[in-house]
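Observations on chain architecture
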Amino acid sequence: MIVGTRGSQLALKQTKDVCADLSKITGQDIEINIIKTKGDKITDSQLYNMDSKGLFTKELDKAVLEEEVDFSVHSFKDLPTELDEDLEIVAVPKREAPNEVLISDKSWDELTEGSTLGTSSLRREAFCNLYKKDLQLKPIRGNIETRINKVKDTSLDATIMAQAGLKRLNLDNNIKTIFPLDYFTPAAGQGALAVITRKDSDKKEVISKLNHYQSMQEVFGEKSILKELGVGCQWPIGAIARFNNNKFNLYSILLTQEGEILKECNETGSIKDAEDLGRKIGMIFKDYV
Ligand SMILES: NCc1[nH]cc(CCC(=O)O)c1CC(=O)O
């Protein structure tokens, strides 16, 4: 089999992890085909100002559709809300920690007025403005290590990242503060991967063995909020689903860029109805955007 992936350190590590698990099932090695996406080529730091639909996924989708590769591996949170009609997310492997973390010499509580914090995420900007209006927010680009180095070489006082990416790259020793999920709520799908094939692929069945049902329901629930709203990552929305003690809970918060809370929702139900809960929250949010 051949897998398509972006070439970033994180994308490659994620793909290798998925392939190792899949090889255990098939007993065969998987060839890795690196595909450059538009998102890898642009250098503008204000990513969220652009039409972000499939910025990191379009070329990969094409490779799967044209049977250049058998499947692709993505960070779930970077997927656009609508997938090509001939493609399918056949597996969401067990999710890594979805939390947001602070990279800095100082803890979140110690960060003082005027400190510089690098982020190019509207949601992270909104949460910073909600809790610490006096930080100087600066756009930041580059791979995870580059971002950490901007703090280490003191060109920035702090940055906020996903714990999952750091864990996967064994860079989690740089974490200063791990944010609780209901304090600094992550993006829909954060910490999870998506394995995509063609709907009519004969590899679908074997690849679907990588699926972790609970993780899939959590991230599909979160993503359906955005789907219902008809927005991608251009809105500052945090969403987190958790399945604990046999209860499926979906929490989401809608902010303005300036850090004002427009609406918070919390729904509990059956894990199999994850997407219904997400749609319900999306519908409620429609009155607030
Ligand atoms: N938008 C970038 C991106 N896409 C996926 C991850 C890693 C974490 C994940 O798998 O959710 C990151 C880095 C970050 O947000 O810090």
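Here, every reference points to the structure presented above.
Residues numbered from 1 in each chain as written. Predicted model: local features only at pLDDT ≥ 70, side-chain atom pairs only at ≥ 80, totals over all residues. Heavy atoms only, no water.

**Some words on unusual backbone geometry**
Unlike most non-glycine residues, Asn170 shows phi in positive territory, near 55°. Counting through the fold element by element, Asn170 comes out in the loop between helix H6 (163–168) and strand S9 (177–178). One non-glycine residue, Asn246, lies in positive phi territory at about 65°. Looking at where Asn246 falls in the secondary structure, it is placed in the loop between strand S11 (237–244) and strand S12 (247–255). (Helix = DSSP H or I, 4+ residues; strand = E, 2+ residues; numbered from the N terminus.)

**Quick look at the site of the ligand**
Neighbouring the ligand are the residues Leu10, Ser75, Lys77, Asp78, Arg124, Met161, Ala162, Gly165, Arg168, Gln190 and Gly191. Measuring from an oxygen atom of the ligand, one finds a side-chain N or O atom of Arg124 at 3.0 Å. Protein burial of the ligand: of its 390 Å² of free accessible surface, 84% is covered by the chains. For the shell around the ligand, the elements supplying multiple residues, two or more each, are strand S8 (158–162) and H6. Taken together, the residues of the shell around the ligand break down into three nonpolar, four polar and four charged. Of the residues that make up the shell around the ligand, three or more belong to each of domain 1 (1–95 + 192–211) and domain 2 (100–178). (Near = heavy atom within 4 Å. Polar contact = N/O pair within 3.5 Å; in protein donor to acceptor, adjacent residues only side chain to side chain. Areas by Shrake-Rupley, 256 points an atom, 1.4 Å probe, with all protein chains shown as cover. Nonpolar A, V, L, I, M, F, W, Y, C, P; charged D, E, K, R; others polar. Domains from an automatic or database assignment.)

**Looking at the sheet that holds strand S4 (residues 87–91)**
What the five strands build is an open sheet, ordered S2-S1-S3-S10-S4; its pairing is mixed. Each edge of the open sheet carries a strand with a single partner, namely strand S2 (31–34) and S4. Shown here is a sheet whose adjacent strand axes are inclined to one another by a mean of 35°, direction ignored. Relative to strand S10 (residues 193–198), S4 runs antiparallel, the two sharing four bridges. Each bridged residue has a counterpart across the sheet, and for Ala91 the counterpart in S10 is Val195. (Pairing = 2+ DSSP bridges. Axes fitted to C-alpha atoms, helices over the stretch in contact; angles between N-to-C directions.)

**Looking at the packing of aromatic side chains**
The tally for this structure, following the rule as stated, stands at eight aromatic pairs. Consider the rings of Trp108 and Phe184, whose centres lie 6.1 Å apart with planes at 85°: the pair is edge-to-face. Linking Trp108 in the loop between strand S5 (100–104) and strand S6 (116–118) with Phe184 in the loop between S9 and S10, this pair joins segments that are 76 residues apart in sequence. Residues Trp108 and Phe184 agree in their burial class; the two are buried. Of the aromatic side chains, those joined through ring pairs into one cluster are Trp108, Phe127, Tyr131, Phe179, Tyr183 and Phe184. Of note, Lys132 hangs over the ring of Trp108, and the distance from its end group to the ring centre comes to 5.3 Å. (Phe/Tyr/Trp six-rings, centres within 6.5 Å; stacked < 30°, edge-to-face > 60°. Buried < 20%, exposed > 50% of the residue type's maximum accessible area, 1.4 Å probe, protein only. Lys NZ or Arg CZ within 6 Å of the ring centre and 35° of its normal.)

**Points about helix H8 (residues 213–229)**
The terminal C-alpha atoms of H8, which comprises 17 residues, lie 25 Å apart, in line with the 24 Å expected from a rise of 1.5 Å per residue. Here H8 lies mainly inside the structure; 13 of its 17 residues are buried. (Expected span 1.5 Å × (residues − 1).)

**A short note on helix H4 (residues 122–131)**
Because an α-helix packs 3.6 residues into every turn, residues spaced three or four apart end up facing the same way. With respect to burial, H4 is a largely interior element, eight of its ten residues being buried. Among all positions in H4, only Leu122, Arg123, Arg124, Glu125, Ala126, Phe127, Cys128 and Asn129 are buried. Measuring from the side-chain oxygen of the N-cap residue of H4 to the backbone nitrogen of Arg123 gives 3.3 Å; that N-cap residue is Ser121.

**Quick notes on the pairing of S12**
When you tally the buried positions in S12, you get seven out of nine residues, the bulk of the element. Pairing between S11 and S12: eight bridges, direction antiparallel. Bridged to Gly238 within S12 is Ile253. From the end of S11 to the start of S12, which pair antiparallel, there are two residues, and Asn245 there has a positive phi angle of about 50°. Bridging between S12 and strand S13 (residues 261–269) involves eight bridges; their strand directions are antiparallel. From the neighbouring strand, Tyr251 faces S13, where its bridge partner is Asn266. Count of turn residues in the S12/S13 antiparallel hairpin: five residues, of which Gly259 carries a positive phi of about 95°.

Remember that the coordinates give geometry; whether it matters functionally is a separate question.
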